[in-house]
Each structure stands twice: as C-alpha cells, then as structure tokens.
Amino acid sequence: MKFNTKTIHGGQKPEEATGAVMPPVFLTSTFAQSSPGKHKGYAYARGTNPTRTALENSLASIENGTHGFAFSSGMAAIDCVLRLLKPGDEIIAGNDLYGGTYRMFTQLFQKYGLEFTYVDTDEIVNITNAITEKTKLVWLETPTNPLMKIADIAAISVAVKDINSAILIAVDNTFATPYLQQPLTLGADIVMHSATKYLGGHSDLIMGALMVKEETLAKEIHFIQFAAGAIAAPMDSFLALRGIKTLHIRMQRHCENGRAVASFLENHAKVGQVYFPGLENHRGHKIAKKQMKDFGGMVSFKLKDESIEATFKFLENTKLFTLAESLGGVESLVNHPATMSHGSIPEKERLKIGITNSLVRLSVGIEDIEDLLADLEQALNA
C-alpha cells in the first residue's frame, strides 16, 4: 500500500465480532479465560488491549516497521528506550533537544549511571568522533526542537554501524511525522513519536509511540512496556487511530502553510533569523530535501529587536496563534522555548546552542493562510 492508503487501512481490519469499521473502545481491565492460560489472545489489559493493538498495528504500518508500541506519553516512550541500557552505557545525543528529553537524560537517567555526550548532529564526524567502547545508543531529532537542525539519518546510520553494528540508532520523528520521513527505512533501529502531536493531530490526547523492525528488539521493548506499565489507554488509542487516518491530508496543509509562513517571516522587516528547513539558505536544506517529502509545519524565528520585552509583546498579541505548550494540532500555536518547552534546560546551555530569550517557535496549523499571515502581521506591528 502507498502511504496515504496505509494511514487508513494499514494493519487494520473490521472488528471480528460485529464487523465494526473502527475498532471499539475496549474499556476493560481483564479478559475471561476458558482455562488457566487459555484465552482469545488477551488476558490483562496492561499487556494487550484490542483497541491499543489496532493502533499499534497502524503505527508499525505507517513507519514501515513490524512492531508498534503505544505509550502513555512521549516521555514514557523515551524512558522505555533508555531502559534497554545499563549503568555505564553511553548515549550520544544532539545538542539541540526537546527540553523534556534533556531533563530526562540529565536529571533522571544520569543518576542511574547512564552517560550522555551531546554533539551537533549536523556533522556526521561529530558523532563518529564521540563514539567509544561504551557507546550503545545514538539519539537523533530531525528536524530538531526548536532550532530545526537536520541530521542525515541514512549517512549517520551507515557511519555508526560501520564502527559498531551493535549501536542502536533512535530517531525522534515527531516534527517530521512518517508522512515526511521514515527513519526505519533510512537505517534507524527505533523511531519514536510524541503521538500527542501530529499523529493525534487534534490536541486532545497525551501519547507516545515506538516503532521497530527487528524482532529481538521488539520483544525487549514489549517486556519493558508490560513490566513498567506505561501503556496508552483505550480511549486515547481510539483517538490516536482516528487522527492517523487523516494524517496525510492534514500534513499537506501543514506543509503548505509552513512554507508560506516561513517565506513571510523571512521577508518581514521586523524579523531576524528564520529557522525552517524548506528555506534554501537553511544549513540542512539539501539533506532535508533528500530525506523528507516536504518540510513540515514547524517554524522558529527571532525578532530583529531581540529584547525580551519585544518578544513577549509579540507573544501576547497573537490571536489565531494561541500561546500554549505543544504542537502538531490542527490549530496554530506559538511557543516561547526559553520559558516553556525548553525551560528545564539551564540558561547557559540554552544560550550555547542559540535558544535565546528572543527565539519564538510556531506550530503552523491548517487554517486559511491569509488569516494566519494577517495575525502574524498585526502581532509584529502591535
């Protein structure tokens, strides 16, 4: 099946008992057994639930994987990946990361003996030079949050595996979605999503997802999920599956509007630097063009007046762009990384990579583009 068909039919079939086209929401914690250990594939809902199974089959399909796993949040999904490791193991990660990921790395798992090295993943040599005998995982975001850096997934996967084929490559694909890029096809071992964002698409659920191809890795992840219990609930699974069915048509508009907003900002007298991989002057444009179908709906920028007062004035005056955490919903959102999504990163570390107080991140929704541009214009001139 082609991708647009997979979002609707991938891994799906009508429910057996009634023929329901959409899977029912199975709000049950346990399932009847005819004899100890004899059941119809479901025993206890922490292990498996039919609604979650339908979603996980869809997740695997749209990322060209063989196994999908739905978690209670994106952070729970990342937590599961790190539980594959043991004290003393090293993780190489990009230096531009979602603030919650950085917080988990530095304030939780570093205490448990994992070691983290942060590099600019724009350059492959930065990753390969950092590899040691202790390296067990390379963690990538591409595009990154919030500076929209691009990592060459295929080239990094080849270079790392040439050094040590046992090192896992994990990619946070939240910004791109499987509509735009499919890391497993490009050589990654694990792809992660905050399904809260584009996969759900309607700002009405919290969920994470992991997708893999390799059977042994899938068994390890399933065991950790079952043992630790950070599973997605049935109703949230239903909502996420509903969201995935329109992912392809939503992403087309997100991309179209994202390009228009980036172009508008790039040519606005009050705007300084614009971070969007679809712009030809973006450092990672050529790689993004190679590995992504389009460039997405996330745009970051800085005002020429880099004072905190000017930035807050803009943030307080948008009307259609709602000032809020998160991204990837049908509605447009505006975010201030330094105090919101990346507030847990120490200021010194933020400034080192360019997350200043003047940085603004937009999640461009699917509204009429003329209305969105008019809103940005009036807020910039407020």
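Residues numbered from 1 in each chain as written. Predicted model: local features only at pLDDT ≥ 70, side-chain atom pairs only at ≥ 80, totals over all residues. Heavy atoms only, no water.

A.B. asks: Which parts of the structure should I look at to understand the environment of K136?
C.D. replies: With respect to the helices and strands, the residue K136 is situated in strand 4 (residues 135–141). Sequence separation of K136 and A166 is 30 residues, and the distance between their C-alpha atoms is 7.2 Å. The residues touching K136, leaving out its near neighbours within four places in the chain, are L85, D89, E90, A166, I167 and L168. (Helix = DSSP H or I, 4+ residues; strand = E, 2+ residues; numbered from the N terminus. Contact = heavy atoms within 4.5 Å.)

A.B. asks: Explanation requested: the pattern of salt bridges in the structure shown.
C.D. replies: A side chain with one charge can pair with a side chain of the opposite charge if their charged atoms come near. This structure, assessed with the given rule, holds 15 salt bridges. With a closest N to O distance of 3.3 Å, D122 and R283 form a salt bridge. One end of the pair, D122, is in the loop between strand 3 (115–119) and helix 5 (124–130); the other, R283, is in the loop between strand 8 (271–275) and helix 11 (285–291), and 161 residues separate them in sequence. Taking relative accessible area as the criterion, D122 reaches 15% and is therefore assigned buried. Residue R283 is classed as exposed on the basis of its relative accessible area, which comes to 56%. (Salt bridge = Lys/Arg side-chain N within 4 Å of Asp/Glu carboxyl O. Buried < 20%, exposed > 50% of the residue type's maximum accessible area, 1.4 Å probe, protein only.)

A.B. asks: Could you clarify how one ought to interpret the packing of aromatic side chains in this entry?
C.D. replies: For any pair of aromatic rings, geometry is given as the distance between the ring centres together with the angle between the planes. Evaluated as defined, the whole model comprises nine aromatic pairs. Between F109 and Y112, the aromatic rings sit 5.9 Å apart at their centres with planes inclined by 85°, giving edge-to-face as the arrangement. For the pair F301 and F314, a centre-to-centre distance of 5.5 Å together with 85° between the ring planes defines the contact as edge-to-face. Taken together, the positions of F301 in strand 9 (residues 298–303) and F314 in helix 12 (residues 308–317) put the pair 13 residues apart, joining distant regions of the chain. Like F301, the residue F314 is buried in the burial classification. Grouped by ring-pair contacts, the aromatic residues Y102, F105, F116, Y118 and W139 constitute a single cluster. Stacked on the ring of F226, the Lys or Arg R46 has its end atom at 4.7 Å from the ring centre. (Phe/Tyr/Trp six-rings, centres within 6.5 Å; stacked < 30°, edge-to-face > 60°. Lys NZ or Arg CZ within 6 Å of the ring centre and 35° of its normal.)

A.B. asks: What am I meant to see in the nonpolar core here?
C.D. replies: Generally speaking, a soluble globular protein has its nonpolar side chains buried in company with each other. Of all hydrophobic cores here, the largest spans 62 residues; its most connected members are L265, F301, F314 and L362. The greatest single-element share of this core, amounting to seven residues, is contributed by helix 10 (residues 247–266). If near-sequence neighbours (up to four positions away) are discounted, F301 is found in contact with L265, V271, Q273, V274, Y275, F314, S358, L359, V360 and L362. In terms of nonpolar packing, the next biggest core, distinct from the first, is built from 30 residues, A76, M104, F105 and A170 among them. (Core = buried A, V, L, I, M, F, W, Y, C linked by side-chain atoms within 4.5 Å.)

A.B. asks: What is the right way to read helix 6 (residues 153–163) from this model?
C.D. replies: Because each turn of an α-helix spans 3.6 residues, side chains separated by three or four positions in sequence point in the same direction. Along helix 6, the residues that are buried comprise I153, I156, S157, A159 and V160. Against the buried residues of helix 6 lie helix 5, strand 4, strand 5 (168–172) and helix 11.

A.B. asks: Explain the environment of H193 here, please?
C.D. replies: As for its position among the elements, H193 is in strand 6 (residues 190–194). Owing to a relative accessible area of 1%, H193 belongs among the buried residues under this scheme. Along the primary structure H193 and F71 are separated by 122 residues, whereas in three dimensions their C-alpha atoms are 9.9 Å apart. Those residues in contact with H193 that lie beyond four places of it in its chain are E63, G74, N173, T174, T177, P178, L199, M207, G208, A209 and M211. Of the polar contacts made by the side chain of H193, one reaches the side chain of E63; its length is 2.7 Å. (Polar contact = N/O pair within 3.5 Å; in protein donor to acceptor, adjacent residues only side chain to side chain.)

A.B. asks: Honestly, the sheet that holds strand 3 in this entry has me stumped. Any pointers?
C.D. replies: The strands making up a sheet associate through backbone hydrogen bonding, with each pair oriented either parallel or antiparallel. One open sheet holds the seven strands; their spatial order is 1-7-6-5-4-2-3, and the pairing between them is mixed. Unpaired on one side and paired on the other, strand 1 (67–71) and strand 3 mark the two borders of the sheet. The average undirected angle you get between the axes of adjacent strands in this sheet is 20°. Bridge count for strand 2 (residues 90–94) against strand 3 is five bridges, and the pairing is parallel. In the strand pairing of strand 3, I91 is matched with F116. Its contacts with the sheet put helix 2 (residues 50–62) on strand 1 and strand 7 (208–212), and the angle it makes with strand 1 is roughly 125°. Across the sheet, helix 8 (residues 215–228) lies against strand 1, strand 5, strand 6 and strand 7, angled at about 20° from strand 1, the strand it touches most. (Pairing = 2+ DSSP bridges. Axes fitted to C-alpha atoms, helices over the stretch in contact; angles between N-to-C directions.)

A.B. asks: Looking at this structure, I do not really get the sheet that holds strand 10 (residues 322–323). What am I missing?
C.D. replies: Taken in spatial order, the five strands of this open sheet run 8-9-12-11-10, and their pairing is mixed. Since the sheet does not close on itself, it has two edges, and those belong to strand 8 and strand 10, each with one partner. Sheet analysis places strand 8 next to strand 9, joined by three bridges and oriented antiparallel. Within strand 9, the residue paired with Y275 across the bridge is S300. Helix 12 contacts strand 9, strand 10, strand 11 (333–335) and strand 12 (359–363) of the sheet and is inclined by roughly 135° relative to strand 9.

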